[in-house]
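Residue-level structure breakdown
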Amino acid sequence: MTWRQLDSIDRNILTVLQERGRITNTELADLVGLSPSPCLVRTKALEEDGFILRYATLLEARAIGLSVSVFVQVSLDRQVEPSLTTFEKAIAKRTEVMECYLMMGTSDYLLRVVVADLDEYQVFVTGFLSKVPGVGSIRSSVALKQVKYKTALPLQAPKTR
């Protein structure tokens, strides 16, 4: 099934599940206007077709002592496949790296890193990031305040031309 083949009920199921991942199938069925059995069939189909990646619990970072978010722009010495692969494998092993994107523009990668404090971030940079083979430059921006954060993707129907 493709995105364009999803009907309004499928989109409603996905919308509810993004906000309430622990909802029971019976509650979900009530919210989307189905009986439980067809709702479960549709949800399973959405999982099997790859629309639902996984279910997760979101934690409050500050509550568990991770009060600093840093956005890190990394440029490599050379943008060749072996360098990209080496960098990506090294980053994939680091739990403090929440997101990593290969970019177009002024830097090669953009990372979002969460740490307890700036001392911990300094250890991350000097003890790890600056030692990854091929890293040419590192630019960091510390977030002062999280203004907006969401995990739910917008699910309005695709626009037609």
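Figured I'd write up the structure that's included with this text. On a predicted model such as this, the values are computed, not experimentally measured, just so you know. (Residues numbered from 1 in each chain as written. Predicted model: local features only at pLDDT ≥ 70, side-chain atom pairs only at ≥ 80, totals over all residues. Heavy atoms only, no water.)

A closer look at the overall build of the protein chain
When helices and strands are tallied, the protein chain shows five helices and four strands. Here the protein chain has a C-alpha radius of gyration of 20 Å; the compact-globule value for 161 residues is 15 Å, and the former is much larger. Dimensions of the protein chain, computed from C-alpha atoms along their principal axes, come out at roughly 55 × 40 × 30 Å. Partitioning the intrachain contacts of the protein chain with sequence separation of at least 6 by distance along the chain shows that 63% fall at a separation of at least 24. (Helix = DSSP H or I, 4+ residues; strand = E, 2+ residues; numbered from the N terminus. Rg over C-alpha atoms; globule rule 2.2 N^0.38 Å. Contact = heavy atoms within 4.5 Å.)

What about the nonpolar core?
In terms of nonpolar packing, the biggest core is built from 21 residues, with Val74, Phe87, Leu111 and Leu129 touching the most fellow members. Among the elements of the structure, strand 1 (68-76), helix 4 (81-92), strand 3 (109-115) and helix 5 (118-127) are those that each provide at least two residues to this core. Leave out the neighbours within four places in its chain, and Leu111 touches Val70, Phe71, Val72, Val74, Phe87, Ile91, Val97, Glu99, Cys100 and Leu129. If you look at the next biggest cluster of nonpolar residues, it comprises 14 residues, including Leu14, Ile23, Ala29 and Val32. (Core = buried A, V, L, I, M, F, W, Y, C linked by side-chain atoms within 4.5 Å. Buried < 20%, exposed > 50% of the residue type's maximum accessible area, 1.4 Å probe, protein only.)

A short note on the pairing of strand 1
Summarising burial for strand 1: seven of the nine residues are buried, a large majority. The pairing of strand 1 with strand 3 spans seven bridges and is antiparallel. Residue pairing across strands places Val74 opposite Tyr109, the latter belonging to strand 3. Two strands pair when backbone bridges link them, and strand 1 and strand 4 (residues 135-142) are joined in this way by seven bridges, in the antiparallel orientation. Looking across to strand 4, one finds that Val74 is bridged to Ile138. (Pairing = 2+ DSSP bridges.)

Some details on the packing of aromatic side chains
Summed over the entire model, instances satisfying the criterion amount to three aromatic pairs. Ring geometry for Phe124 against Phe128: centres 5.5 Å apart, planes inclined by 40 degrees, an arrangement best described as tilted. Accessibility expressed as a relative area gives 13% for Phe128, which makes it buried. Of the aromatic side chains, those joined through ring pairs into one cluster are Tyr121, Phe124 and Phe128. (Phe/Tyr/Trp six-rings, centres within 6.5 Å; stacked < 30°, edge-to-face > 60°.)

Remarks on the layout of surface pockets
Estimated volume of the largest pocket: approximately 990 Å³. Forming the walls of the largest pocket are 25 residues, and the residues nearest its centre are Gln18, Arg54, Ala56, Thr151 and Ala152. Elements represented by at least two residues in the lining of the largest pocket include exactly helix 1 (8-19) and strand 2 (97-102). Among the elements that make up the lining of the largest pocket, the one with the highest residue count is helix 1 (four residues). (1 Å grid on protein atoms, 1.4 Å probe; cavity = no way out; pocket = protein on both sides within 12 Å on 5 of 7 lines; lining within 4 Å. Points joined across faces, edges and corners; volume = space filled by probe spheres on them.)

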